[in-house]
Amino acid sequence: MLTIALERIEFDGRHGATAVERRTTRKFEVDVELDVDAAVAERSDLLADTVDYSRVADVIVGIGAGEPHHLLESLARRMLDAVRERFPRVHRMRLELRKLNPPTCPGHPAYAAVRLARGADDGS
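So, here is what we can say about the structure in this document. Just so you know, these numbers come straight off a predicted model, no measurement behind them.

What counts and how
- Residues numbered from 1 in each chain as written.
- Predicted model: local features only at pLDDT ≥ 70, side-chain atom pairs only at ≥ 80, totals over all residues.
- Heavy atoms only, no water.
- Helix = DSSP H or I, 4+ residues; strand = E, 2+ residues; numbered from the N terminus.
- Polar contact = N/O pair within 3.5 Å; in protein donor to acceptor, adjacent residues only side chain to side chain.
- Contact = heavy atoms within 4.5 Å.
- Buried < 20%, exposed > 50% of the residue type's maximum accessible area, 1.4 Å probe, protein only.

Another point: the side chain of R84. Within the element layout of this structure, R84 appears in helix α4 (residues 72-86). A polar contact is formed between the side chain of R84 and the backbone oxygen of V90, at a distance of 2.3 Å.

Moving on, we get to the environment of T50. Checked against the element boundaries, T50 lands in the loop between α2 (39-44) and α3 (53-64). Sequence spacing of T50 and E67 is 17 residues, and the spatial spacing of their C-alpha atoms is 29 Å. Beyond its immediate chain neighbours, meaning those up to four positions away, T50 contacts I4, V36, A38, A41 and R89.

We now examine unusual backbone geometry. With phi around 60 degrees, R8 is a residue other than glycine that occupies positive phi space. Positionally, R8 belongs in strand β1 (residues 2-13). Even without a glycine there, the phi angle at N101 is positive, about 45 degrees. Here N101 is to be found in the loop between β3 (90-100) and β4 (111-119). On the basis of relative accessible area, N101 is assigned to the exposed category, the value being 55%.

Laid out in structure tokens, this is it:
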């Protein structure tokens, strides 16, 4: 098993619990780790034998920059499900979605985040 990792995938999105948050775009980041059976790719040196991380990033950015979500939880689940659906070689996936500088949070944190994980056999 091999792990493919992408860190700090950035996009602008209109996500937030309030209509004010969804009115303008704000910055988001995603980290993703994909556990992949890449034994064939390790020997063949062919992109077709593994998961193309550029296409994974494209899926995440497309969803993140698209339809607004009220909750980070639902946005992260949509991203995770879309990647798992499009890339059947992924056995397990971990995703962290961060809203940078959340506007209505006391203490001015650098980000608010949710983390999701899904394995091939957990069905979640």
